[in-house]
Amino acid sequence: MNSISNNIHSIKEQIPQHVNLIAVSKFQSNDSILEAYSAGQRLFGENYVQELCDKANLLPQDIQWHFIGHLQSNKVKYIAPFVSMIHSVDSKKLLLEIEKQAAKSNRVIDVLLQVHVAQEETKSGLSPEECTSLAEESISLGLHHVRICGIMGMASFSEDQNLIASEFAAIKSIFEKVKENAFFTDKNFCQISMGMSSDWRLAVSKGSTMIRVGSSIFGERKTK
Ligand SMILES: *Cc1c(COP(=O)(O)O)cnc(C)c1O
């Protein structure tokens, strides 16, 4: 077995069955992705629209592509025909554009609301208050081509395990609040996307249902 498949098997052995592993393949070659695919991996995460479209064109059709990067409304149309889930909804404008483009493709697209809890200003996402109010408002928007399935968040870039743990707990509690206030009867609202290479174990212990792991699977990324 090569190291990519070893890494995938090793992570899968350590997470509960209900937790999904998203292999984050940004900047990774199609060959590396195919190695992961051969190991049984079907969920892949990408951050850039052009890169995702190029890869989706060439790689196996049963890959489920998760978009995890910042998404501009004017680029939704390129991924709407095939994307499996968008983790990074951070505005009503973007939500409505996904609805519009999914309708054109005759699809229903699963999305997560991205919430900002980390200390760094650079990380994007809705404030906890914006997140709960967008979730509540979405009920009256009459969305038929978007399904809001949960929350995505990132912890601070820090060595402080207590800080990271408290941020994951905060993401979980925002999930609970949105569920209670807006999606109480909606069984689709069940996903908490949190945890990356450095902190996925902690994220799982705090209730993550989707971990997004890149470098621990593929090795260090080349930067763009
Ligand atoms: C790149 C990226 C990841 C994966 O990061 P690693 O540290 O390589 O595991 C996860 N989530 C998001 C939003 C990313 O941009």
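It should be noted that the structure appears before, not after, this text.
Criteria and cut-off values
- Residues numbered from 1 in each chain as written.
- Predicted model: local features only at pLDDT ≥ 70, side-chain atom pairs only at ≥ 80, totals over all residues.
- Heavy atoms only, no water.
- Helix = DSSP H or I, 4+ residues; strand = E, 2+ residues; numbered from the N terminus.
- Buried < 20%, exposed > 50% of the residue type's maximum accessible area, 1.4 Å probe, protein only.
- Contact = heavy atoms within 4.5 Å.
- Pairing = 2+ DSSP bridges.
- Right-handed = clockwise from strand over helix to strand, strands pointing away.
- Arc of directions from axis to C-beta.

1. Re the environment of cysteine 131
Move 1: Structurally, the position occupied by cysteine 131 is in helix α6 (residues 128–140).
Move 2: The exposure class of cysteine 131 is buried, given its relative accessible area of 0%.
Move 3: As for cysteine 131 and leucine 113, which are separated by 18 residues in sequence, their C-alpha atoms are 6.9 Å apart.
Move 4: Sequence-distant contacts of cysteine 131, that is, excluding residues within four places in its chain, are made with Leu113, Val115, Leu126, Ile151, Ile174 and Val178.

2. Looking at the pairing of strand β3 (residues 64–67)
Move 1: Where strand β2 (residues 43–46) meets β3, four bridges bridge the pair, whose relative direction is parallel. Directly across from glutamate 46, in β3, lies its bridge partner phenylalanine 67.
Move 2: Note that the unit made of β2, helix α3 (residues 49–58) and β3 has a crossover that is right-handed.

3. Quick look at α6
Move 1: Of the positions making up α6, those classed as buried are Cys131, Thr132, Leu134, Ala135 and Ser138. Down the axis of α6, the buried set is contained in an arc of 165°. They therefore lie on one face. Those residues of α6 that are exposed and angled more than 90 degrees off the buried face are Glu129 and Ser140.
Move 2: Contacts from the buried residues of α6 go to α5 (92–104), β5 (109–116), β6 (146–154) and α7 (161–181).
Move 3: Directly beyond the C-terminal end of α6, a positive phi value near 65° is found at glycine 142.

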